[in-house]
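# Chain and residue survey
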Amino acid sequence: MSKDSQMRAAINQKLIEMGERERLKELLRAKLVECGWKDQLKAHCKDVIREKGLEHVTVEDLVTEVTPKGRGNNPYRVTGHQCLIMHRYCKFLQILGQNHKRGG
């Protein structure tokens, strides 16, 4: 495992242990729901099923059809909140660094 991978794994583990990872995920999830992103993707899934017919659509088909739209539909409001999430993540890393220097 590369040093970069080890660092990511260690940070991820600390995020999980401290509950911050779940808080960040929940913040992003709430913002995606708030701006209608989830409803847009749900509607797109329904459109795909209507077009192809329920008996002719697999989960893999839906994932293939919906993923590009979901990634491309990153609303500006959520992008702004990603900055907030990154800020919280950076503060978390600063706290980790301070604790590491103190030996904790």
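Each value, and the rule that gives it
- Residues numbered from 1 in each chain as written.
- Predicted model: local features only at pLDDT ≥ 70, side-chain atom pairs only at ≥ 80, totals over all residues.
- Heavy atoms only, no water.
- pLDDT = per-residue confidence, 0-100.
- Helix = DSSP H or I, 4+ residues; strand = E, 2+ residues; numbered from the N terminus.
- Expected span 1.5 Å × (residues − 1).
- Buried < 20%, exposed > 50% of the residue type's maximum accessible area, 1.4 Å probe, protein only.
- Arc of directions from axis to C-beta.
- Contact = heavy atoms within 4.5 Å.
- Bend = angle between axes of the 7 residues up to and from the residue.

The share of residues in the protein with pLDDT of 70 or more is 70%, and the mean pLDDT across the chain is 79. Across the protein, the element-wise mean pLDDT spans from 63 in helix 5 (residues 76-102) up to 91 in helix 3 (residues 37-52).

This brings us to helix 3. Taking 1.5 Å per residue as the helical rise, helix 3 with its 16 residues ought to reach 22 Å, and the 23 Å between its terminal C-alpha atoms agrees with that figure. Inspection of helix 3 places W37, L41, H44 and V48 among the buried residues, and these make up the whole buried set. Along helix 3, the residues classed as buried sweep out an arc of 55° about the axis, all on the same side. Opposite the packed face of helix 3, turned more than 90 degrees from it, sit the exposed residues K38, D39, K42 and R50. Of the surrounding secondary structure, the elements contacted by the buried residues of helix 3 are helix 2 (20-34) and helix 4 (59-72). Where helix 3 terminates, the next one or two residues include G53, which has phi positive at roughly 90°.

Compared with the 20 Å implied by 1.5 Å per residue over 14 residues, the 20 Å span of helix 4 between its first and last C-alpha is a close match. Its maximal kink placed at V66, helix 4 deviates by approximately 35°, while the proline P68 follows within four residues. Residues L62, V66 and G70 constitute the buried set of helix 4. Residues of helix 4 that are buried in the fold lie against helix 3.

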